[in-house]
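As a plain string of letters, each chain reads:
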Amino acid sequence: MAEFAINKGIGRTVEYKGLRAQYLFIFAGGLIVDFIVFVIMYMCGVAQWFCISFGAISASILVWLTFHLNTKYGRYGLMKLTAVKYHPRYIINRLRLKRLINKK
C-alpha cells in the first residue's frame, strides 16, 4: 500500500527567505518596478553607469526596507497600520440624553 506525506503547509501564508505575506509581494513588485525604470532610463539615453548605479542603489534600499518592515511589524503589521487610518478619532452622538436613556 502506498504511503503519502501529508501537506503541512495548508492554511499558512506564503513565505520566502523570511519574507511573509504582503512583504513578499511588495518586494517582488518593487524589484519589477525598479527594473522597468532602469530599462526606461537606459532607452531614453541616460548614462549607462548612472542607470546601473540607480538600479543597484534603489534595489538595495528596497531589499533593506522590506526586510526591516517584516521584522518590525510582522505578519499583519502593515494591515494594522493602514486600518488605523480608518478609525474615527471621536464619535459624535446628536441624540438627546433623554432619548438615549428611554427604552421603547
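This section reports on the structure supplied with the text. (Residues numbered from 1 in each chain as written. Predicted model: local features only at pLDDT ≥ 70, side-chain atom pairs only at ≥ 80, totals over all residues. Heavy atoms only, no water.)

1. So, the side chain of Asp34
- Secondary-structure assignment places Asp34 in helix H1 (residues 22-43).
- The exposure class of Asp34 is buried, given its relative accessible area of 13%.
- Ignoring sequence-local partners within four residues, the contact set of Asp34 consists of Phe54, Gly55, Ser58 and Ala59. (Helix = DSSP H or I, 4+ residues; strand = E, 2+ residues; numbered from the N terminus. Buried < 20%, exposed > 50% of the residue type's maximum accessible area, 1.4 Å probe, protein only. Contact = heavy atoms within 4.5 Å.)

2. A closer look at helix H2 (residues 48-73)
- Here H2 spans 37 Å end to end across 26 residues, near enough to the 38 Å set by a 1.5 Å rise per residue.
- All of the buried residues along H2 are Cys51, Gly55, Ala59, Leu62, Thr66 and Asn70.
- Looking at the buried positions of H2, the neighbouring elements they touch are strand S2 (19-20) and H1.
- Positive backbone phi, at 80°, marks Gly74, one or two positions downstream of H2. (Expected span 1.5 Å × (residues − 1).)

3. Focus: the packing of H1 against helix H3 (residues 77-84)
- At a closest axis distance of 9 Å, the pairing of H1 and H3 adopts a crossing angle of 90°. Comparing their axes, H3 and H1 come out roughly perpendicular. Residues Gln22, Tyr23 and Ile26 of H1 lie in contact with H3, whose contacting residues are Gly77, Leu78 and Met79.
- A per-class count over the contact of H1 with H3 returns four nonpolar, two polar and no charged. (Axes fitted to C-alpha atoms, helices over the stretch in contact; angles between N-to-C directions. Parallel < 35°, antiparallel > 145°, perpendicular 65-115°, else oblique. Nonpolar A, V, L, I, M, F, W, Y, C, P; charged D, E, K, R; others polar.)

4. What to know about the packing of aromatic side chains
- Taken as a whole and judged by the stated rule, the model has two aromatic pairs.
- Arranged with centres 6.3 Å apart and planes meeting at 70°, the rings of Phe27 and Phe67 form a pair that is edge-to-face. In this pair, Phe27 sits in helix H1 while Phe67 sits in helix H2, placing the two residues 40 residues apart along the sequence.
- Seen in terms of ring centroids, Phe38 and Tyr42 are 6.5 Å apart; in terms of plane orientation they differ by 15°. Their pairing is stacked. Highlighted residues: Phe38 and Tyr42, both in helix H1, separated by four residues, approximately one helical turn.
- Overall, Phe38 belongs to the partly exposed group, its relative accessible area being 25%. (Phe/Tyr/Trp six-rings, centres within 6.5 Å; stacked < 30°, edge-to-face > 60°.)

5. Overview of H1
- Here H1 spans 31 Å end to end across 22 residues, near enough to the 32 Å set by a 1.5 Å rise per residue.
- What H1 keeps buried is the set Gln22, Tyr23, Leu24, Phe27, Gly30, Asp34 and Met41.
- Looking at the packing, one finds that the buried side of H1 touches strand S1 (15-16), S2, H2 and H3.

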